[in-house]
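# Per-entry structural report
These are the residues of each chain, in order.
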Amino acid sequence: MVDLLAARAEEHDRDATFPYQGIEAVHEAGLLTLTVSQRYGGAGGTLADTVRVLAQLGRGDASVAVVTAFTLLQHAEQARRASWPAAGYRRLLTESRRGPALVNTLRAEPGGGTDALPGTVARRGADGWQLTGRKTYCTGAEALAWMAVTARTDEPEPRVGTFLVRGESEGLEIDPTWDQLGLRASASHDVVLDGVTVPVELALGLRTPDRADDADGVAAELARAWHDLALAAVAIGVARAAEAWLVRFLNQRTPANLTEPLGTLPRYRAALGEIDAQLIGAEELVHGLAARVDRGEPDAVARTGPAHLLATRAATTAVQQAVALTGNPGLSRRHPLERYLRDVLSSRVHLAPEESVLDTAGRAALARGARP
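Before going into details, it helps to say that this report is about the structure given with it. Starting afresh in each chain, residues are numbered from 1 along the sequence in its written order. Predicted model: local features are reported for residues with pLDDT of at least 70 only, side-chain atom pairs are reported and counted for 80 or more only, and whole-chain, interface and lining totals are derived from all residues. Note that the side-chain values use all heavy atoms of the structure and ignore hydrogens as well as water.

## Comments concerning the overall build of the protein
Note the threshold: In DSSP terms, a helix is any run of H or I states spanning at least four residues, a strand is any run of E spanning at least two, and both are numbered starting from the N terminus. Under the scheme applied here, a residue whose accessible area is under 20% of the maximum for its type counts as buried, over 50% as exposed, and between as partly exposed, the area being computed with a 1.4 Å probe on protein chains only. Note on contacts: a residue pair qualifies if any of its non-hydrogen atoms lie within 4.5 Å across the two residues. Note on areas: Shrake-Rupley, 1.4 Å probe, and residue coverage restricted to the protein chains presented here. When charges are counted, neither His nor the chain ends are considered; positive counts come from Lys and Arg and negative counts from Asp and Glu. For this purpose, a charge sits on NZ of Lys, CZ of Arg, CG of Asp or CD of Glu.
Along the backbone of the protein there are ten helices and eight strands. With respect to the three principal axes, the spread of C-alpha positions in the protein is 80 × 60 × 40 Å. Here the protein holds 372 residues, and 49% of them are scored as buried. Relative to all contacts within the protein whose residues are 6 or more apart in sequence, the contacts with residues 24 or more apart total 73%. As presented, the protein carries roughly 17600 Å² of accessible surface, and 51% of it is formed by carbon and sulfur atoms. For the protein, the distance from the average site of its 40 positive side-chain charges to the average site of its 46 negative ones is 3 Å.

## Notes on the pairing of strand 3 (residues 128-138)
In plain terms, the rule: Whether two strands pair comes down to DSSP finding at least two bridges between them.
Pairing analysis gives five bridges linking strand 2 (residues 121-125) to strand 3, with the strands arranged antiparallel. If you follow Val121 over to strand 3, its bridge partner there is Thr132.

## Considerations on the pairing of strand 1 (residues 102-106)
Across the five residues of strand 1, four count as buried, placing the element largely inside the fold. One ladder, built from five bridges, connects strand 1 with strand 4 (residues 144-153); its direction is parallel. Across the sheet, Val103 pairs through a bridge with Trp146, a residue of strand 4.

## A word on the packing of aromatic side chains
Which entries qualify depends on this criterion: Under the pairing criterion, centres of Phe, Tyr and Trp rings, with the six-membered ring standing for Trp, must be within 6.5 Å; the plane angle then separates stacked pairs below 30 degrees from edge-to-face pairs above 60, leaving the rest tilted.
Going through the model one piece at a time under the given rule, you end up with seven aromatic pairs. Both rings, one in Tyr137 and one in Trp178, keep their centres 6.3 Å apart while their planes meet at 85°; by these two values the pair is edge-to-face. With Tyr137 in strand 3 and Trp178 in the loop between strand 6 (172-175) and strand 7 (189-198), the pair connects residues that are 41 residues apart, well separated along the chain. Exposure remark for Tyr137: the relative accessible area of 55% places this residue in the exposed category. By relative accessible area, Trp178 is classed as buried at 9%. Members of the aromatic cluster, joined through ring pairs, are Tyr40, Trp84, Tyr89 and Trp146.

## Quick word on the pattern of salt bridges
Applicable threshold: Whenever a carboxyl oxygen of Asp or Glu lies within 4 Å of a side-chain nitrogen of Lys or Arg, that contact is scored as a salt bridge.
Applying the stated criterion across every chain, the model contains 29 salt bridges. Arg123 is the salt-bridge partner of Asp154, the closest N and O atoms lying 3.8 Å from each other. Taken together, the residues span a long stretch of sequence, with Asp154 in the loop between strand 4 and strand 5 (160-166) and Arg123 in strand 2 at a distance of 31 residues. What makes Arg123 partly exposed here is its relative accessible area of 40%. Linking Arg292 and Asp299 is a salt bridge whose minimum nitrogen-to-oxygen distance equals 2.6 Å.

## With respect to unusual backbone geometry
The phi dihedral of Ala16 is positive, around 55°, even though this residue is not glycine. Topologically, Ala16 is positioned in the loop between helix 1 (2-15) and helix 2 (20-28). In this structure, Leu183 is a non-glycine residue whose phi angle is positive, near 50°. Position of Leu183 relative to the elements: it lies in the loop between strand 6 and strand 7. The class of Leu183 is buried, set by a relative accessible area of 2%.

Printed below as a string of structure tokens:
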């Protein structure tokens, strides 16, 4: 699977085209529905299973891995909370048996404000709800079978909820805005909704912002934990691909002033060892913490934000060091190392703001220190 994805990754990166064949291969391998609950006839994949799979997919094509990640997160959320109506989820599973059925939650909006109310508005009509607004950074936008769109109602006292929208709905348009440094094949375009109709039964969790309870908070924290570790795993996979390319380079590259490859020199071996040590640490952190979350250990969920930050830092540093070791060849478009660098740098878009992560960790540390 890794080799198959890697064979087309450069082409899709260069042209910024969506990797339909790669997603099809992931689907045929049964990995796109890994986290479907056993009560729905699925494999019931755990978070530990998910991070193992995504780290491997990230070695092949980071864009395929990221698109896969968001679909796996949707199925995992359904396994935990069963928030989709039974008929709607059965339809998704039926589509998933026929071919790749990608799903993602669309939250981000232009401006990136922190207001409690989304800018996307749902108005009640005769046939259900009509959604109007724009969502941005919608990973996999052009290929999504379903979109879980957050919106507010236009009622005197607005409610906020998630509206399940079919990807081919009338009034829905994909605005091809995604032209980034890395993850170029992820099709993270804007989605424009202009009076898109959503049946009443596909409007989930409508409530005023002040009505959220403790159960909602716990569920949101667990969903964030899955997101943190899943996307950290993709970054680690990219860094492992970079390391593998570096190993081949060091074993084959013999400069004119040497009689043996660079890999025979202690300086290069030590530098490679530094890269490997960083990635071992990141893998142990992410995989170990995923297993703890699966076991329901109370403090594990709170640690996934810092773990995501540390793993992404380690992966980025590792790829940067690989580029520094190889010089001009590492930055050549003839080799994949420069793509790995761009992809791992762009993986930070899935990381919560660093200051926010560290502030939360600092507050928790202060709270622990204040206990008798």
